Amino acid sequence: MTDTDKTKAASSMWGGRFAGGPAAIMQRINASIDFDRRLYAQDIRGSKAHCRMLVKQQILTGADGALIQDGLDKVLAEIEAGNFPFSHALEDIHMNVESRLAELIGEAAGRLHTARSRNDQVATDFRLWVRDAVDGMDGALRELVAALLDRADEHAATVMPGFTHLQTAQPVTFGHHMMAYVEMISRDRSRLADARTRLNECPLGSAALAGTSFPIDREATAAELGFARPMRNSLDGVSDRDFALEFMSASAICAVHLSRLAEELVIWTSSQFRFVTLSDAFTTGSSIMPQKRNPDAAELIRAKTGRVIGDLNALLIVMKGLPLAYSKDMQDDKEPVFEVADTMELAIAAMTGMVRDMKVNVEVLRAAAGAGYATATDIADWCVRALKMPFRRAHHVAGSLVKLAEGKGCGLEDLTLAEMQAIEPGITEEARAVLTVDSSVAARTSLGGTAPARVRDAVVAARQRLKEDVK
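The structure reproduced in this document is the subject of the present report. Small disclaimer: the values here were computed from a predicted structure and weren't measured.

Section: the packing of aromatic side chains
All told, the structure shown has seven aromatic pairs when counted by the stated rule. Their ring planes at 85 degrees and their centres at 6.4 Å tell us that Phe126 and Phe338 sit as a pair that is edge-to-face. Remark: Phe338 occurs in helix α13 (residues 334-357) and Phe126 occurs in helix α7 (residues 118-154); sequence separation between them is 212 residues. Taken as a pair, Phe126 and Phe338 share a single burial class, namely buried.

Listed below in structure tokens is the structure:
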């Protein structure tokens, strides 16, 4: 079939209302086949389920149903083999498939669209595609959590500086730091699971907007396609894109988490920090400076987060002013969703690779943990416990000790007992024991604390949750 013939075929699908074909520029702006061809598997799957239901309800004959099923299998095989003749004249994946089906089986192909509109067809296809994307992203995030847990377990007792305002605050462990990201990514998985539950309703059977007069069985098609139930309102069925927005929103939050870890990797791999080292697999060199090892994978994750957030914003703007039910604006819902899914797939894989690849420089971390008077809170806590001192006063004592140490250019642990007692006479030699970074982290045994024993318990619990959520 020539392009002219396909244009005529496209016009014939509109029936007798249109005498001529569209202008060339109209054809260009109206066509979506360049991107919505990605829905081919979902489109054919939905059509096969619709066909089986029509036969079961005696709306189609068994003979026509068999022809349609066989034809759709052939169309699917052609697309997967790369032999399918996609046409801009046929606008979208739905009309491309239907036109090819007609070439293969003849008049019976025209009966497939009984009791169905492109509106509920695309809504169903898109939900199926997003559901697959959610499942794929969840699996990738599960691998990232597993990688983080391995590093947390390995470094449950590896001391490092904890920061607030990017200033040294208190000693923590590297394992504890990794477990913070386990919690963040686990919430991302929870958001995706929650979004999946809401999207798992089937629009098929809503038709254009008002439902259909044919005696269809929407429960049957919903069940065959793996949906929990049909959507309850036909107007909502064709016009809702909350499922896409929720997927993109959960992705944007997840991307922010990935970007935060990426930023830390950029900082940690710098020559000023040297907390971790990434191998050649996740770094690049400089075209002019031979000594450089740039954390480009981490930097690109940081950048791609902006694209994910932008795509979410784009679809929110598309949807914000649309009256019910379907408007052509909604054709522009797919490209941002596809880009988000592709971007997240790449970013999660890259982050998982970096987490598994990075070499943790234990001694550098330990040295940094002891700098910046990170154990000042420990001496304040000792004054509260041992001297029954109000914390505000203990805070003042600790601050005075820090000031003294700063003036002498030494660490808190380097002050003599006499120098400490000059500020607070009640301080004893016992207090000096709390000033090591190991004693500091070991003391943080509260639920969720950084004590190595707590970190190991958290790893065990998280691994159990990961094991239990395998479908």
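With respect to empty space enclosed by the protein
Under the counting rule described, the total for this entry stands at two cavities of 30 Å³ or more. Put simply, the second largest cavity is a space of about 30 Å³. Around the second largest cavity sit Ser47, Leu72, His94, Val97, Glu98, Leu101, Leu112, Arg116 and Gln121, which together line it. Grouping the amino acids of the lining of the second largest cavity by side-chain chemistry returns four nonpolar, three polar and two charged.

Notes on the pattern of salt bridges
Side chains bearing opposite charge may pair, as long as their charged atoms lie close to each other. Enumeration according to the criterion identifies 36 salt bridges in this entry. One salt bridge in this structure joins Asp153 and Arg463, with 3.0 Å as the shortest N-O distance. One end of the pair, Asp153, is in helix α7; the other, Arg463, is in helix α20 (residues 452-468), with 310 residues separating them in the sequence. Relative accessible area serves as the criterion here: at 33%, Asp153 is assigned to the partly exposed category. Judged by relative accessible area, which is 33%, Arg463 ranks as partly exposed. Across the salt bridge formed by Asp333 and Lys334, the nearest N and O atoms sit 2.8 Å from each other. Lys334 carries the same exposure label as Asp333, and that label is buried. The network of salt bridges with shared partners includes Asp138, Arg142, Arg189 and Asp469.

As for the nonpolar core
Residues Phe247, Leu258 and Met351 are the most contacted members of the largest nonpolar core, which totals 93 residues. Among the elements that make up this core, the one with the highest residue count is helix α11 (residues 242-268) (16 residues). In contact with Phe247, not counting residues within four places along its chain, are Val130, Ala133, Val134, Met137, Leu192, Val337, Val340 and Ala341. Counting 20 residues, the second largest nonpolar core, distinct from the first, contains Ala380, Trp382, Ala394 and Val402.

What to know about unusual backbone geometry
Negative phi values dominate among residues other than glycine, just as trans dominates among peptide bonds. Between Leu324 and the following residue, Ala325, the backbone shows a cis peptide bond with an omega angle of 10 degrees. For Ala325, the location among the structural elements is in the loop between α12 (296-319) and α13. Although it is not a glycine, His165 adopts a positive phi angle of roughly 60 degrees. Structurally, the position occupied by His165 is in the loop between β1 (159-164) and β2 (167-173). Assessed through its relative accessible area of 76%, His165 is described here as exposed. Positive phi outside glycine occurs at Ala207, with the angle close to 60 degrees. Along the chain, the position of Ala207 falls in the loop between β3 (201-202) and α9 (218-224).

Analysis parameters
- Residues numbered from 1 in each chain as written.
- Predicted model: local features only at pLDDT ≥ 70, side-chain atom pairs only at ≥ 80, totals over all residues.
- Heavy atoms only, no water.
- Phe/Tyr/Trp six-rings, centres within 6.5 Å; stacked < 30°, edge-to-face > 60°.
- Helix = DSSP H or I, 4+ residues; strand = E, 2+ residues; numbered from the N terminus.
- Buried < 20%, exposed > 50% of the residue type's maximum accessible area, 1.4 Å probe, protein only.
- 1 Å grid on protein atoms, 1.4 Å probe; cavity = no way out; pocket = protein on both sides within 12 Å on 5 of 7 lines; lining within 4 Å.
- Points joined across faces, edges and corners; volume = space filled by probe spheres on them.
- Nonpolar A, V, L, I, M, F, W, Y, C, P; charged D, E, K, R; others polar.
- Salt bridge = Lys/Arg side-chain N within 4 Å of Asp/Glu carboxyl O.
- Core = buried A, V, L, I, M, F, W, Y, C linked by side-chain atoms within 4.5 Å.
- Contact = heavy atoms within 4.5 Å.

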